[in-house]
Number of protein chains: 2
Amino acid sequence: MSALASSIERRNGVSLWRQIADRILQGIASGDFAENAALPPEVVLAERYGVNRHTVRSAIAALVQEGVLRAEQGRGTFVLSRKRLSYPIGQRTRFSTGLQGQTTERHIALLSSSTEPANRRIAEALGIARGSAVIRLETRGEADGHAVSRATTWFDAKRFAGIEAAMAETGSITASLKRFGINDYLRHSTVLSARHADADDLAALDLQPGAIVLVTVAVNVTLDGQPIQFAESRFPAERVELRLSAND
Amino acid sequence: MSALASSIERRNGVSLWRQIADRILQGIASGDFAENAALPPEVVLAERYGVNRHTVRSAIAALVQEGVLRAEQGRGTFVLSRKRLSYPIGQRTRFSTGLQGQTTERHIALLSSSTEPANRRIAEALGIARGSAVIRLETRGEADGHAVSRATTWFDAKRFAGIEAAMAETGSITASLKRFGINDYLRHSTVLSARHADADDLAALDLQPGAIVLVTVAVNVTLDGQPIQFAESRFPAERVELRLSAND
DNA sequence: GGGTATTTGTGCGTATGTATT
DNA sequence: TAATACATACGCACAAATACC
């Protein structure tokens, strides 16, 4: 919200131009800088943030490089439009149906899979013995050719043997679970946090270093409450917001 | 999860020591570095991240300053334990009751208040005319003496005239609304995102520059669906996680 | 207690990046 | 574009505290 009077911090490990670039990104997100409109002139921004015009230019150059702004000599610097996807999250969260209307095409790509012993956290979530085999799927959610999520999912290996093949074939968790006789499931106990993206997420989600990811840790259960799936999903905060609807 | 092989990036606006400090924080969060245990020696970390030992020392110094680590000459560097608050979020979200059991004391401090004309976003959310007066409250949620949230809240100035006095007195939104005849309310349409904390949030939440805040934008409504409150809350991601419970 | 290896703490010279004027 | 000041990062060396045999 409020466009507070700058106060950029010095010698804190983040260069001034990077801080100002982040400020501009924030300004775009909060509506201070409208999309498809011109940014204030460099001298004005320099004044506002209390730095030299050269520093503002460095920030703008970085954002042009990242595809957020377009600078035109003699005319000004313009905000390119890029609306964030709104990803619904609730008891009936489904990847594909959740993004209907916002995108024309979406699917889940299986990056890799493996079988491993369940650690304490996963065993408790799935209600199985610690150390028993679980299948781990590394996936990326894609919508209209853009990466919108990166997830790590665990299934009980005994009950869902071969689910990695189903995922690779269908590109859908819901469709894959159907092959194991599960026609409906609910989301239970989602925990939400945020952190800087790690190297793996940076690559998979095509992000710049320092980018933030929203993290959800969730358990999906059958209608009678039996846990079937444990997942940690990462969403690029600059491209996705999570929407909690009251009635799903 | 996966402890991938470093890949610290250079000349991207964020200093190496800051990036490595973030890595270590992530390592603690993901369990790679256990709490109350020793970190690997500086030389090992330097090797792992591909930087000079001095650079690792800068990162550690920052985290010691932030109260995350404790370094002892000749012994090692240790991870201090600090559990995150789990903030429940759902239809019946209440600040105080939500943190019961996790804290012994909590209240909301009113930092400032003002009356202003509603912009489009706020007017739509509250279902009032654009430009009509709204009361804005700037508040900080505190639990056991620690700042856990920073919120900006808007009310229709006509209907809730004087609510800032009630807030200052009671330290509770729920109690203040009672004075206006609202004994119960529900949360409607929460939108969730994350970003770097701005200067204001850094100060109010006692965070270090570069810290991440979870942001919720929510509308509270009466039982019959009438909007009464529009709020943007920021939670320090390093101290708070948001928990979505299925049945509230 | 002694000796040695390990680990954090300190100093300094140099090169490069950042920010201002 | 140039000059200047400061922050960042590296490399090497050594001191101080601790751990281990």
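Residues numbered from 1 in each chain as written. Chains lettered and ligands numbered in written order. Predicted model: local features only at pLDDT ≥ 70, side-chain atom pairs only at ≥ 80, totals over all residues. Heavy atoms only, no water.

1. A look at the pairing of strand E3 (residues 85–89) of chain A
Of all five residues in E3 of chain A, five are buried, a share of seventy percent or more. Here E3 of chain A shows no split at all, with Leu-85, Tyr-87 and Ile-89 of chain A on one side and Ser-86 and Pro-88 of chain A on the other all buried. (Buried < 20%, exposed > 50% of the residue type's maximum accessible area, 1.4 Å probe, protein only. Helix = DSSP H or I, 4+ residues; strand = E, 2+ residues; numbered from the N terminus.)

2. Focus: the pattern of salt bridges
All names here are of chain A. All chains considered together, the criterion is met by 27 salt bridges over all chains. Across the pair Glu-42 and Arg-57 runs a salt bridge whose closest N-O atoms are separated by 2.9 Å. Residue Glu-42 is located in helix H2 (residues 42–49), and its partner Arg-57 is located in helix H3 (residues 53–65); the two are separated by 15 residues in the primary sequence. Notably, a salt bridge pairs Arg-136 with Glu-116, separated by 3.4 Å at the nearest N-O pair. Of this pair, Arg-136 sits in strand E5 (residues 133–143) while Glu-116 is found in strand E4 (residues 106–117), placing the two residues 20 residues apart along the sequence. Among the charged side chains, a salt-bridge network with shared partners connects Glu-116, Arg-136, Glu-138, Arg-150 and Asp-200. (Salt bridge = Lys/Arg side-chain N within 4 Å of Asp/Glu carboxyl O.)

3. What to know about the protein's contact with DNA strand C
Taken together, the neighbourhood of DNA strand C is formed by 20 residues, with Leu-16, Asn-52 and Thr-55 of chain A together with Arg-53 and His-54 of chain B sitting nearest. A distance of 2.9 Å separates a phosphate oxygen of DNA strand C from a polar atom in the backbone of Glu-42 of chain B. Separating a base nitrogen of DNA strand C from a side-chain N or O atom of Arg-53 of chain B is a distance of 2.6 Å. Elements with a minimum of two residues in the surface near DNA strand C: helix H1 (16–30) and H3 of chain A together with helix H3 (53–65), strand E1 (69–72) and strand E2 (76–79) of chain B. In terms of residue count, the dominant contributor to the surface near DNA strand C is H3 of chain B (three residues). For the surface near DNA strand C, the residue count by class is five nonpolar, nine polar and six charged. (Near = heavy atom within 4 Å. Polar contact = N/O pair within 3.5 Å; in protein donor to acceptor, adjacent residues only side chain to side chain. Nonpolar A, V, L, I, M, F, W, Y, C, P; charged D, E, K, R; others polar.)

4. A look at the domain arrangement of chain A
Segmentation of chain A into domains returns domain 1 (16–79) and domain 2 (85–244). Averaged C-alpha coordinates put domain 1 of chain A and domain 2 of chain A at centres separated by 36 Å. (Domains from an automatic or database assignment.)

5. Observations regarding the sheet that holds E3 of chain A
A sheet is described by the order of its strands in space; here eight strands give the open sequence E3(A)-E10(A)-E7(B)-E8(B)-E9(B)-E6(B)-E5(B)-E4(B), paired in mixed fashion. A strand with exactly one partner marks an edge of an open sheet, and here the two such strands are E3 of chain A together with strand E4 (106–117) of chain B. Sheet twist, expressed as the mean angle between neighbouring strand axes with direction ignored, is 20 degrees. The pairing of strand E5 (residues 133–143) of chain B with strand E6 (residues 146–156) of chain B spans ten bridges and is antiparallel. Note that in E6 of chain B the partner of Glu-138 of chain B across the bridge is Thr-152 of chain B. Across the sheet, helix H6 (residues 163–170) of chain B lies against E4, E5 and E6 of chain B, angled at about 10 degrees from E5 of chain B, the strand it touches most. (Pairing = 2+ DSSP bridges. Axes fitted to C-alpha atoms, helices over the stretch in contact; angles between N-to-C directions. Contact = heavy atoms within 4.5 Å.)

6. As for the packing of aromatic side chains
Residue and element names in this part refer to chain A. Summed over the entire model, instances satisfying the criterion amount to eight aromatic pairs over all chains. When the ring of Tyr-87 is compared with that of Phe-235, the centres are 4.9 Å apart and the planes differ by 45 degrees; the resulting orientation is tilted. Within this pair, whereas Tyr-87 is found in strand E3, its partner Phe-235 is found in strand E9 (residues 227–236), the two being separated by 148 residues in sequence. Relative accessible area serves as the criterion here: at 4%, Phe-235 is assigned to the buried category. Between Phe-160 and Phe-180 the ring centres are 5.3 Å apart and the planes differ by 65 degrees, which places this aromatic pair in the edge-to-face class. With a gap of 20 residues between them, Phe-160 in the loop between strand E6 (146–156) and helix H6 (163–170) and Phe-180 in the loop between helix H7 (173–178) and strand E7 (186–196) connect regions that are remote in the sequence. Taking relative accessible area as the criterion, Phe-160 reaches 1% and is therefore assigned buried. Overall, the relative accessible area of 25% leaves Phe-180 in the partly exposed class. (Phe/Tyr/Trp six-rings, centres within 6.5 Å; stacked < 30°, edge-to-face > 60°.)

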